[in-house]
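Remarks on the overall topology
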Amino acid sequence: MQTYHSYIKTFKATRIYSTQKYQIFLKGNIYHDTKNLVKLIINSYKRNKMYDLPNQFNGNYIIFFYDCEKKFFFSSNSQTSYLDIFYSINKKRLILSHKINKFLKFKNSTNNYRAFEWLILGGRALTNETFINNVYYLLPGETISIDKDKNIKVFEKNYLSYKQDKKKITAHKLVKSLKKAVNIRITSTKEKTLLGLSGGMDSRILAGLADNKNVITYTYGHISNFEKIFAQYVSSRANFKKHVEIDIKDKEYFPDKVFNDYIKIGNLNSTFQHNHLNKLFQNLSKKFNSKKIMLGCALDLFLGSSFSDEDLYKIKNLNSFYLWFKKKYFLFSEKEIKKIFPTEYSYFYKKIRNNFFKLVSKFEYKNFIDLNDALHFEIRILRWYNRNLNFLSYNDRTILAPTYDKNFLSLCFKTNYKLRVKDFYRKDMLKYINKDLYEIPTLSSFLPPSADQKYQKTFRKILNSLENLNSNSDNLAKIPSLLYDVNLSRIILKSKDYYYFKNKILKKFKGIKKSNTMVEVLNKEIFFSNKNNS
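Residues numbered from 1 in each chain as written. Predicted model: local features only at pLDDT ≥ 70, side-chain atom pairs only at ≥ 80, totals over all residues. Heavy atoms only, no water.

**Looking at the overall build of the protein chain**
Secondary structure summary: the protein chain contains 23 helices and 14 strands in total. When each of the 534 residues of the protein chain is scored for burial, the buried share is 56%. Contacts spanning at least 24 positions in sequence make up 68% of the contacts within the protein chain whose residues lie at least 6 apart. Surface accessibility of the protein chain: about 25000 Å² in total, with carbon and sulfur atoms responsible for 49%. (Helix = DSSP H or I, 4+ residues; strand = E, 2+ residues; numbered from the N terminus. Buried < 20%, exposed > 50% of the residue type's maximum accessible area, 1.4 Å probe, protein only. Contact = heavy atoms within 4.5 Å. Areas by Shrake-Rupley, 256 points an atom, 1.4 Å probe, with all protein chains shown as cover.)

What follows is the structure, given as structure tokens:
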């Protein structure tokens, strides 16, 4: 079977073991002794337990394995992988690629259901389907194999579920585990590490744990936006020697003309805002001679329950949970979506519901906050957020994601849901790490994490009543995630890709009154999602 060579070439994987019997290749990073790593991979294969490999090692990786004698090939995608693998099966022929463009040359039709789901759920994905019929994602945690008789099998993943530990998970335990995860990743390279600072808690938690001698912090946005001001304080209080501020008017980082990177790099997952990210990180890496970028991925979700609320205490059954989910996260009503999919919307609505319940059945749970947090980690983080990290990892840049550390993540999924939904763990961790960082306001609340929760709720109500500042655009309504800085959205509104999109939508609504209102709604989804910072 010579086909496996083409898979390796496509992914630019590194050979880590080669004999006349076995060939093993690796894409990504595993923080594990290489000799022991190879032994464990071979033992898993011999025991016919290749499906364990995505959860077995610490890191973000794809393993490619070929048995030369038995002509058996398999590939395993790690549990929290941001590396895309697409596959298609045609008459016992397996096609693998990390680029969806490869499949465009075949006679495949557009998958309208995926487009429907993407619009309705704001990027969330309930299945492994792509925008092209008969082309699928190998999900994080899945393994695919093909034998000499061309029998192809996809091994189902192990879904992460919350299981509260009898032993109390404390902020001290979490900090100790995350500190180790940060150190492993920073010391794995001699290059400086680039750490983006936002106005939130996740990046400042990492800032408080990182070695300030080997890390360069940066922030981008309008020259006077609040996020940059907060980031300055964080960098200063964490004693970093180098902090870089990037003005989005700087043409070096945000050029007027960008290519269709959201297709070429984003594999049809991304939105117009991502067009600018590749150029930004390309120049950052070049300027500071580093291809290592550290992120505080999804800590707010799996440790701060950012997609859950206390209304979930009232939910008694799965049907009620679905209605809560639909009310909170469906971006369009049936009446609105019917205008876009006039003949298919009824069938698609039923399909979304069926897929929702099918996916929910994969999780173990004792309460609906645990279920919703685990569900959103899967459908919003692993199946949307991670896929858009392509823009950071493009051109051999490496993402360091200590919050995805296997041991740290295991602790987080044993935490108490009542404490998570109040965001107790992140606040207590920050207080333990650095009290100065604990007293700096966050962009989402404009209050420091140390502020009393009652005051935070009151102040949030005031903020939610505000409209976007400095906005003169009729097509730009309130966007919570961009409440204090609408300048990046202005760049997007001027892009050729956006004009093409807008004209396509307007044609759909030709002759319908208030068509601009629908464009406005779609704007909010295509840019940043207008509900609950989703």
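Read on for the rest.
**What to know about the nonpolar core**
Buried together is how nonpolar side chains tend to be arranged in soluble globular proteins. Residues Phe302, Phe321 and Phe377 are the most contacted members of the largest nonpolar core, which totals 127 residues. Ranked by the residues each element gives to this core, the list is headed by helix H14 (residues 368-385), at ten residues. Apart from residues no more than four positions distant in its own chain, phenylalanine 377 is found in contact with Thr80, Leu160, Ala298, Leu301, Phe302, Leu382, Tyr404, Leu409 and Phe413. In terms of nonpolar packing, the next biggest core, distinct from the first, is built from 18 residues, Ile30, Tyr45, Met50 and Phe57 among them. (Core = buried A, V, L, I, M, F, W, Y, C linked by side-chain atoms within 4.5 Å.)

**With respect to the pattern of salt bridges**
Applying the stated criterion across every chain yields a total of 14 salt bridges. With a closest N to O distance of 3.5 Å, lysine 351 and glutamate 129 form a salt bridge. Of the two residues, lysine 351 sits in helix H13 (residues 345-360) while glutamate 129 sits in the loop between helix H4 (112-121) and strand E7 (136-137), which places them 222 residues apart along the sequence. Judged by relative accessible area, glutamate 129 falls into the buried class, the value being 14%. A salt bridge links arginine 383 to glutamate 378, with the nearest nitrogen and oxygen atoms 2.9 Å apart. Summarising the burial analysis for this pair, arginine 383 and glutamate 378 share the class buried. (Salt bridge = Lys/Arg side-chain N within 4 Å of Asp/Glu carboxyl O.)

**Remarks on the packing of helix H11 (residues 318-329) against H13**
The contact between H11 and H13 brings their axes to 11 Å, and the two run at 120°. Classed by the angle they form, the pair H11 and H13 counts as oblique. Judged by the twist between their axes, the crossing of H11 over H13 is right-handed. Across from Leu318, Asn319, Phe321, Tyr322, Phe325 and Lys326 in H11, the residues of H13 making contact are Tyr349, Ile352, Arg353, Phe356, Phe357 and Val360. Along the lines of polarity and charge, the residues of the contact of H11 with H13 split into nine nonpolar, one polar and two charged. (Axes fitted to C-alpha atoms, helices over the stretch in contact; angles between N-to-C directions. Parallel < 35°, antiparallel > 145°, perpendicular 65-115°, else oblique. Left-handed = near helix turned anticlockwise from the far one by under 90°. Nonpolar A, V, L, I, M, F, W, Y, C, P; charged D, E, K, R; others polar.)

**Let's talk about the environment of phenylalanine 325**
Relative to the elements of secondary structure, phenylalanine 325 occurs in helix H11. For phenylalanine 325, a relative accessible area of 1% puts it in the buried group. Measuring from C-alpha to C-alpha, the distance between phenylalanine 325 and asparagine 372 comes to 8.8 Å, with 47 residues separating the pair along the chain. In this structure, phenylalanine 325 is in contact with Leu121, Arg124, Phe330, Phe356, Asn372, Leu375, His376 and Ile379, ignoring residues within four places of it in sequence.

**A look at a nonpolar patch on the surface**
On the surface, a nonpolar cluster with roughly 250 Å² of combined accessible area is contributed by Phe226, Ile229 and Tyr233. The topology assignment puts isoleucine 229 in helix H7 (residues 226-237). (Patch = residues over 30% accessible without salt bridge, like charges linked within 9 Å, V, L, I, M, F, W, Y side chains within 5 Å.)

**Overview of H14**
The largest bend along H14 measures about 30° and falls at phenylalanine 377. Within H14, 17 of the 18 residues are buried, leaving the element largely enclosed by the surrounding structure. Backbone nitrogen of isoleucine 369 and a side-chain oxygen of the N-cap are separated by 3.2 Å at the start of H14; the cap is asparagine 367. (Bend = angle between axes of the 7 residues up to and from the residue. Polar contact = N/O pair within 3.5 Å; in protein donor to acceptor, adjacent residues only side chain to side chain.)

Functional significance is not addressed by these values, which are geometric in nature.
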